[in-house]
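# Examining the three-dimensional arrangement
What follows is each chain in one-letter form.
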Amino acid sequence: MRKFKEFVIEKLILICGIASIFFVILIFLFLLKEGLSVFGTVSPFNFLFGKSWYPISEPPQLGILPLILGSLLVTLGAAIISIPIGVGCAVYIAEVAPGRIKEILKSGIELLAAIPSVVLGFIGMVTLVPLVKNIFHLPTGLTALSGSIMLAFMAMPTIVSIAEDALYSVPKTYKEGALALGATHWQTIWRVILPAASSGILAAIMLGIGRVIGETMAVMMITGNAAVMPNSILAPVRTLTATIAAEMGEAVVGSEHYFALFAVGIVLFVISFIVNVTADLFLHKKQ
Amino acid sequence: MRNPHRTQNIAFFFLLVTTLLIVVPVGLIVVIIIQKGLPAINWQFLSDVPRQGMRAGGIFPAIIGTVYLVSGAIIFALPIGLLAAIYLSEYSKDNPLNRIIKLAIVNLAGVPSVVYGLFGLALFVIFFKFGASILSGSLTLGIMILPIIITTSREALESVPQSFREVSLSLGASKWQTIRHIVLPNAVPGILTGTILGLGRAAGETAPILFTVAAFYLPQLPKSIFDQAMALPYHLYVISTQVPNVDEKIRYGTAFVLLALVLFMNLIAIIIRTKFRKKKKW
């Protein structure tokens, strides 16, 4: 009887063990199930590279190029801001900061990671957006630039914590060797520790950027949501994620619009899948 | 020749600047929300329903809705996540299946939150016909926090020394008895930390509940798990972008309550973790 009970429990454990695989496949299948129908009306090429997104006009125009470019623009801006700051902060925490300050800084980064994106979006609306508007004398501060700055702060915790892990996992002997040869601490960091941790840092950057591409609420609240081809970082744009979040509430279930939004979801899922698998390969290479 | 020590000082100065560029804004965000949000908090704000098209009154239904959603998510995610962690830490061998599971967890953690919302809409709301309800929202959030619970629980289980297991097995206990009576009790603080972090994440997320549960304005409390509910993060989104002329005090007050809730949970998690580290007897 006890044997039987243990047999059941161990099978249950196995089932839960593979549940993650099951859920990833389930998510993908349901996105496909709802999203692929859109390709009855619009070819995959025209969907990805069509320049107009007018989902409720008659007939609907379902080209997501403006949304893809919107996402790319905001992400690029966020990457330019967050990569140097994030990696710099990781090096400071891992190598320079003294013991107690290190712990305080790490808690600060954890704090940032814990702030809900809707709260960051709200704070961006009331502080950053007016600031951008006044500095650049724009009709509205709801721009790609505001989105980039806010998103940079969402990427930084990821970049800092993973890059810091990568820096820690560089064997102590490398550092001691360099210092023993007379190199300064900075020379050791620059010439020895950073190159040795490079694949982990690359993974950190990729995961940070992955977080930015998938971010929804903050970006919807402060980028202005204009689904047009972006022509400047100081103009309103709309990202892939914000489009889904803003329009799904009004889309009629089973309409072209509804299917198209799920197809946008497929695009996002595929992007995040590629980013995560590649980052994982980098992290794995290290070991 | 350049002086390497001067270079070092300059480099370290810039590293400090980058660090401050992160830490100072974070501090400012928290300070602004506390400074402007705290005065809005009183008993009426916390216990009353929203009135006058959400321009007055309180946020009680949103608080209750978030409590229901988060509880539902954890009821669903904790058993599955814990058993999955036990599998990874105690049963799995270093084989391709193990590798694929780990990759799946990484991917599950990386799926954009709004895609979880789409998935919840397609599977729970439409396919299972649960409708926009607390049940659909909880299950969606539950799947979303699964990776957090699995990863932290697994770390907690793996940090229990191998010798504990060997002693138990050598005394004739079966594998499951060893896990149940030796490994799990020693890993409880770590598992608790992960659970609380998962709770905090579920409480703050907006995108997954947009189409699966969230009600724009619902002055009465939900009566069953098949009812729609208001939720704090969605309420903050609505009063900051969808409803014009909401008093700033109400917006900051709502942001304060949400932030306080999430940070409070993170604080508890950190306290448990530090206490446990100090008490560790191995």
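Please read all numbers here as calculations on a predicted model, not as lab measurements. (Residues numbered from 1 in each chain as written. Chains lettered and ligands numbered in written order. Predicted model: local features only at pLDDT ≥ 70, side-chain atom pairs only at ≥ 80, totals over all residues.)

We now examine the overall build of chain B. Counting its secondary structure elements, chain B contains 11 helices and two strands. If you list the helices and strands of chain B from N to C, you get α-α-β-β-α-α-α-α-α-α-α-α-α. Taken along its principal axes, the extent of the C-alpha atoms in chain B is 70 × 70 × 35 Å. For chain B, restricting intrachain contacts to residue pairs at least 6 apart in sequence, the fraction spanning at least 24 positions comes to 76%. (Helix = DSSP H or I, 4+ residues; strand = E, 2+ residues; numbered from the N terminus. Contact = placed C-beta atoms within 7 Å.)

Attention now moves to unusual backbone geometry. Across residues other than glycine, the phi torsion is negative in most instances, and most of the peptide bonds are trans. One non-glycine residue, H137(A), adopts positive backbone phi at about 50°. Mapped onto the elements, H137(A) comes out in the loop between α6 (117-136) and α7 (144-168). The exposed category is assigned to H137(A), around which 7 C-beta atoms lie within 10 Å. Notably, K129(B) is not glycine yet its phi reads approximately 60°, a positive angle. By secondary structure assignment, the location of K129(B) is in the loop between α5 (113-127) and α6 (134-158). Classification of K129(B) as exposed rests on a count of 8 C-beta atoms within 10 Å. (Buried ≥ 20, exposed ≤ 12 C-beta atoms within 10 Å, placed from the backbone.)

Looking now at the interface of chain B and chain A. Interfaces are frequently sized by the accessible area removed from exposure as the parts join. With 69 residues of chain B in contact, the opposing surface of chain A contributes 67 residues. Among the elements that make up the side of chain B that touches chain A, the one with the highest residue count is helix α1 (residues 4-37) of chain B (18 residues). Split into classes, the residues belonging to the side of chain B that touches chain A amount to 51 nonpolar, 16 polar and two charged. (Nonpolar A, V, L, I, M, F, W, Y, C, P; charged D, E, K, R; others polar.)

Detailed reading of predicted coordinates is not advised where the pLDDT is low. Per-chain confidence: chain B averages 90 in pLDDT, with 99% of residues scoring 70 or above. Interface confidence in the predicted complex, given as ipTM, is 0.91; pTM for the same model is 0.92. (pLDDT = per-residue confidence, 0-100.)

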